[in-house]
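Fold and geometry: a report
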Amino acid sequence: MPHIVDFENVSTAGLESSPVADALAGLRANEGRYYRNKYNHVFTVSPASEVPEVVERVSRILKDERDIVISSRPLEATAFEVDGLRMAYVFYESGLSINVMYSIEAGGKRAVGFKLADGMEIPEELASRFKFARQKSKLAGVIRGSFFVIKGEY
């Protein structure tokens, strides 16, 4: 069952098994605040087991585009449309968050973004392929992120 991500009272609910649960909860709350402020969208997530189609879509894009397979267990996921974009998020036990931004309109922005919760190591499957920039967040501490542009049609 989906639950609203509260960015004022950050909770680790659904993320407790992560070794960086507090930082991952902050990262998730940071995303919730972003969508509320920018698009007036209420960011909700579900246990990954309840939305396997979201996890499978993100996994397929990673595999098809860059031959990447994430080894960490997905904990939560969500998918929604906002401002002409199809968005999908998966939050992993390791502290990794992956989002897929896919413009509904042909020729629009289409990319995969990676964010690492504060305190987690760069996953082996990403370490040699991407450089991660740092960004400070009141909710999430230091977020490291990277992305790539999607070339295929999904």
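Above this text sits the structure in question.
Structural notes, computed from the coordinates. Just so you know, these numbers come straight off a predicted model, no measurement behind them. (Residues numbered from 1 in each chain as written. Predicted model: local features only at pLDDT ≥ 70, side-chain atom pairs only at ≥ 80, totals over all residues. Heavy atoms only, no water.)

1. Focus on the side chain of Arg144
Inspection of the secondary structure puts Arg144 in strand S8 (residues 141–149). Of the side chains with opposite charge, Glu121 lies nearest to the buried Arg144, which makes no salt bridge, at 6.0 Å. In terms of polar contacts, Arg144 uses its side chain to reach the backbone carbonyl oxygen of Met120, at 2.2 Å. In this view, Arg144 contacts Phe114, Lys115, Leu116, Ala117, Met120, Glu121, Ile122, Phe132, Ala133 and Arg134; residues no more than four positions away in its chain are not counted. (Helix = DSSP H or I, 4+ residues; strand = E, 2+ residues; numbered from the N terminus. Buried < 20%, exposed > 50% of the residue type's maximum accessible area, 1.4 Å probe, protein only. Lys, Arg positive; Asp, Glu negative; His and termini not counted. Salt bridge = Lys/Arg side-chain N within 4 Å of Asp/Glu carboxyl O. Polar contact = N/O pair within 3.5 Å; in protein donor to acceptor, adjacent residues only side chain to side chain. Contact = heavy atoms within 4.5 Å.)

2. Structural notes on the pairing of strand S4 (residues 85–92)
Within S4, 7 of the 8 residues are buried, which leaves it mostly tucked inside the rest of the structure. As paired strands, strand S3 (residues 74–82) and S4 are joined by 8 bridges and run antiparallel to one another. When the bridges of S4 are listed, Glu81 appears paired with Arg86. Counted between consecutive antiparallel strands, the loop separating S3 from S4 contains 2 residues, among which Asp83 sits at a positive phi close to 50 degrees. Taken together, S4 and the strand that follows it, strand S5 (residues 96–103), pair antiparallel across an intervening segment of 3 residues, in which Gly95 is found at a positive phi of about 110 degrees. (Pairing = 2+ DSSP bridges.)

3. Digging into the nonpolar core
Counting residues in each nonpolar core, the largest one holds 46 residues, and the members touching the most others are Leu62, Leu96, Ile98, Val112 and Phe114. Contributing elements (two or more residues each) for this core: helix H1 (21–39), helix H2 (52–66), S3, S4, S5, strand S6 (110–116) and S8. For this core, the element with the highest residue contribution is S4, accounting for 7 residues. If sequence neighbours within four positions are ignored, Leu96 has contacts with Leu24, Ile70, Val90, Phe91, Phe114, Lys115, Leu116, Met120, Pro123 and Leu126. (Core = buried A, V, L, I, M, F, W, Y, C linked by side-chain atoms within 4.5 Å.)

4. Notes on the environment of Ala25
If you trace the backbone, Ala25 turns up in helix H1. The buried category is assigned to Ala25, whose relative accessible area is 1%. For the pair formed by Ala25 and Val5, sequence separation is 20 residues and the distance between their alpha carbons is 9.1 Å. Ignoring sequence-local partners within four residues, the contact set of Ala25 consists of Val10, Ser11, Thr12 and Leu15.

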